[in-house]
Amino acid sequence: MTQRIDVKGSQRYPLFLGASIGELGGYLEERFGTRGHYLIITNTLVADYYADKLMGDLKQFRTELITVPDSEEEKSLNRISKLTEQALRCRADRDTMVLALGGGVIGDLAGFFASIFMRGIRYIHIPTTLLSQVDSSIGGKVAVNHPAGKNLLGAFYPPQAVWTDFSTLDTLPWDEIQNGLAETIKHALVSDPDLFDFIENHTGEIKCADREVMKELAIRSLSVKVKIVSEDEKEKGQRMLLNLGHSFGHALETDESYKGVTHGQGVSIGIVAAASLACSRGLITDMQLERIVNLLLKMELPITIEARDPQILLNYMAADKKNKAGSKVLVLPVGIGKSSVTSDCTDGEIIKAWEKVLK
Ligand SMILES: NC(=O)c1ccc[n+]([C@@H]2O[C@H](COP(=O)([O-])OP(=O)(O)OC[C@H]3O[C@@H](n4cnc5c(N)ncnc54)[C@H](O)[C@@H]3O)[C@@H](O)[C@H]2O)c1
């Protein structure tokens, strides 16, 4: 059964959860009519798995498939320029709609392309990774990277809809599931203690990607994000909470030039650093810290990384675009299932937190 949840904000849009990629056509016809022009943007790997299924259901429309190489490096202005040429060759116009079929990279790239092509055309996310289903397809952030920083060029540009087919998780490798799991554990810590319990109680089923458990996990996790972004679309307040673990994690990703540490690994180690700092401030107990660490370990996520100079990591954190008036803005857990944004952590406290995760 397909479930529908609406994301509120400047533009309300539906998430269809448990939908089938092979049944999108009927929805498009009902909502947008029969004469649509659709540009499917995907990557080579996802196309092999799912393009035929999607295109087979869109025969009544004029539909074109554009595949890009499978790499984070494709989130670039260079690729946007190539997409523009390809879209024009396909006679795309202001009524063309983009279907972003893939994980967070394709969602960010195709969404950003849609946000600027001819001053903005409509798009729909069809997220195929756990991370994109629970996180990146929700909230309307689209972006490409720039040599000076990740996601530096972007926009808040909500989709028309998100069409989530959880059966795509069947083909997703474990290390990519783990990237999404780091975000689900973050969602649990930010505001859902019951989700934390659920993950603790279903580690076995999650590791063998049990369909029903994965679906429930994804829906509970994405519901946290839906609630937060519906109340704070433009990240002026509580949406900041979703950065738990990310300030530390991004510093590690930058230090490794986005190659040695995956986003999920960075977030996992970042959660441990933030939780250690919270523990030293008395915001969580030693036992709660241990619970967090144990859950990450059970999900085979890293909790430490090879030693390196914490001062360099601190410098990366100083360049975080979330910082305000020269102060580092951090999110710290407060117990399990609650968190708070703080900008009064000293560099000394942050370095101590780094030392807890540097081997
Ligand atoms: N916009 C946002 O709010 C937001 C939030 C979080 C992350 N992001 C962005 O998301 C990106 C990471 O997304 P991701 O983790 O989904 O990575 P990804 O899009 O690179 O996908 C990971 C890998 O899985 C493959 N894949 C995708 N679906 C598959 C499937 N069903 N079966 C088998 N393989 C499949 C991809 O081809 C790729 O190799 C980053 O660029 C990050 O900046 C954006």
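Model, not experiment: these values are computed from the prediction. (Residues numbered from 1 in each chain as written. Predicted model: local features only at pLDDT ≥ 70, side-chain atom pairs only at ≥ 80, totals over all residues. Heavy atoms only, no water.)

A.B. asks: I keep staring at the overall build of the protein chain and nothing clicks. Help me out?
C.D. replies: When you go through the protein chain residue by residue, the secondary structure sums to 14 helices and 11 strands. Projecting the C-alpha coordinates of the protein chain onto the three principal axes gives extents of approximately 60 × 40 × 35 Å. Every one of the 359 residues in the protein chain was classed for burial, and the buried ones make up 57%. A separation of at least 24 residues holds for 75% of the contacts in the protein chain among residues at least 6 apart in sequence. With an accessible surface of roughly 15,200 Å², the protein chain has 50% of that area assigned to carbon and sulfur atoms. Considering the protein chain, the positive charge centre built from 41 side chains and the negative charge centre built from 47 side chains are found 6 Å apart. (Helix = DSSP H or I, 4+ residues; strand = E, 2+ residues; numbered from the N terminus. Buried < 20%, exposed > 50% of the residue type's maximum accessible area, 1.4 Å probe, protein only. Contact = heavy atoms within 4.5 Å. Areas by Shrake-Rupley, 256 points an atom, 1.4 Å probe, with all protein chains shown as cover. Lys, Arg positive; Asp, Glu negative; His and termini not counted. Charge placed at Lys NZ, Arg CZ, Asp CG, Glu CD.)

A.B. asks: Explain the pattern of salt bridges to me, please; I cannot follow it from the model alone.
C.D. replies: Should their charged atoms come close, side chains of opposite charge can pair. On inspection of all chains with the given rule, the structure shows 23 salt bridges. The residue Lys75 makes a salt bridge to Asp108 at a minimum N-O spacing of 2.8 Å. With Lys75 in the loop between β4 (62–68) and α3 (77–89) and Asp108 in helix α4 (residues 104–116), this pair connects stretches of sequence that are 33 residues apart. Here Lys75 and Asp108 have matching classes, each one buried. (Salt bridge = Lys/Arg side-chain N within 4 Å of Asp/Glu carboxyl O.)

A.B. asks: Would you mind showing me how to read the nonpolar core here?
C.D. replies: Inside soluble globular proteins, nonpolar side chains tend to come together where they are buried. Ranked by size, the top nonpolar core spans 75 residues in total, and within it Phe248 and Trp354 carry the most contacts. Counting 22 residues, the second largest nonpolar core, distinct from the first, contains Leu83, Ile106, Ile121 and Tyr123. (Core = buried A, V, L, I, M, F, W, Y, C linked by side-chain atoms within 4.5 Å.)

A.B. asks: Would you mind showing me how to read the domain arrangement of the protein chain here?
C.D. replies: It is common to report an interface's size as the accessible area lost on association of the parts. The domain boundaries assigned to the protein chain delineate domain 1 (3–171) and domain 2 (175–357). One C-alpha centre belongs to domain 1, the other to domain 2; they are set 27 Å apart. If you look at the interface, domain 1 gives 27 residues, while domain 2 gives 29 residues. The junction of domain 1 with domain 2 conceals about 2,500 Å² of combined surface from both sides, 66% of it contributed by carbon and sulfur atoms. The largest share of the area that domain 1 buries against domain 2 comes from Leu130, Val134 and Lys150, three residues that together contribute 24% of it. Between the two partners, domain 1 and domain 2, sit 4 salt bridges. A salt bridge links Asp135 to Lys225; the shortest N-O distance between them is 2.6 Å. For the side of domain 1 that touches domain 2, the per-class residue count stands at 12 nonpolar, 8 polar and 7 charged. (Domains from an automatic or database assignment. Buried area = accessible area lost by both parts, 1.4 Å probe. Nonpolar A, V, L, I, M, F, W, Y, C, P; charged D, E, K, R; others polar.)

A.B. asks: How should I be thinking about the state of the cysteines in this particular structure?
C.D. replies: Here the structure, examined in full by the defined rule, presents 0 disulfides. The closest cysteine sulfur to the non-disulfide-bonded Cys279 is located on Cys345, 14 Å from its own sulfur. (Disulfide = S-S within 2.5 Å.)

A.B. asks: What should I look at first to understand the site of the ligand in this one?
C.D. replies: Of all residues adjacent to the ligand, which total 25 residues, the nearest are Glu72, Gly104, Thr128, Thr129 and Thr171. Within the contact set of the ligand, an oxygen atom lies 3.0 Å away from a backbone nitrogen or oxygen of Val105. The separation between a nitrogen atom of the ligand and a polar side-chain atom of Asp108 is 2.9 Å. A total of 860 Å² of accessible area belongs to the ligand in isolation, and the protein chains cover 88% of it. Those elements giving two or more residues to the shell around the ligand turn out to be α2 (44–56), α4, α5 (130–136) and β8 (149–156). No other element matches the 4 residues that α2 contributes to the shell around the ligand. The residue makeup of the shell around the ligand, split by class, is 7 nonpolar, 9 polar and 9 charged. (Near = heavy atom within 4 Å. Polar contact = N/O pair within 3.5 Å; in protein donor to acceptor, adjacent residues only side chain to side chain.)

A.B. asks: What exactly am I supposed to notice about the sheet that holds strand β9 (residues 161–164) here?
C.D. replies: Pairing between the strands of a sheet comes from backbone hydrogen bonds, and it takes one of two forms, parallel or antiparallel. The strand order across the open sheet formed by 7 strands is β1-β2-β9-β6-β5-β3-β4, and the pairing between neighbours is mixed. The open sheet terminates on both sides in strands that have one partner only, identified here as β1 (3–7) and β4. Direction aside, the axes of adjacent strands within the sheet are offset by 20° on average. When β1 meets strand β2 (residues 13–17), the two strands line up antiparallel, connected through 5 bridges. By the bridge assignment, Val7 is partnered in β2 with Tyr13. Where α2 meets the sheet, its contacts fall on β3 (37–43), β4, β5 (97–102) and β6 (122–127), and the angle it forms with β3 comes to roughly 150°. (Pairing = 2+ DSSP bridges. Axes fitted to C-alpha atoms, helices over the stretch in contact; angles between N-to-C directions.)

A.B. asks: Sorry, what's going on with helix α11 (residues 263–280) here?
C.D. replies: One full turn of an α-helix is made of 3.6 residues, so residues set three or four places apart face in the same direction. Between its first and last C-alpha, α11 extends 26 Å over 18 residues, near the 26 Å set by a 1.5 Å rise per residue. In terms of residue burial, α11 counts as a mostly covered element, since 15 of its 18 residues are buried. At the C-terminal side of α11, Gly282 shows a positive phi close to 75°. (Expected span 1.5 Å × (residues − 1).)

A.B. asks: What am I meant to see in α3 here?
C.D. replies: A rise of 1.5 Å per residue sets the reference length of α3, with its 13 residues, at 18 Å; its end C-alpha atoms lie 19 Å apart and thus fit the reference within 8%. Among the residues making up α3, those that are buried are Arg79, Ile80, Leu83 and Ala87. In an axial view of α3, the angular spread of the buried residues amounts to 100°, which keeps them on one side of the axis. Of the exposed residues in α3, the ones pointing more than 90 degrees away from its buried face are Asn78 and Arg89. Along its buried surface, α3 packs onto β3, β4, α4 and β7 (141–146). Positive phi shows up at Arg91, right after α3, with a value of about 60°. (Arc of directions from axis to C-beta.)

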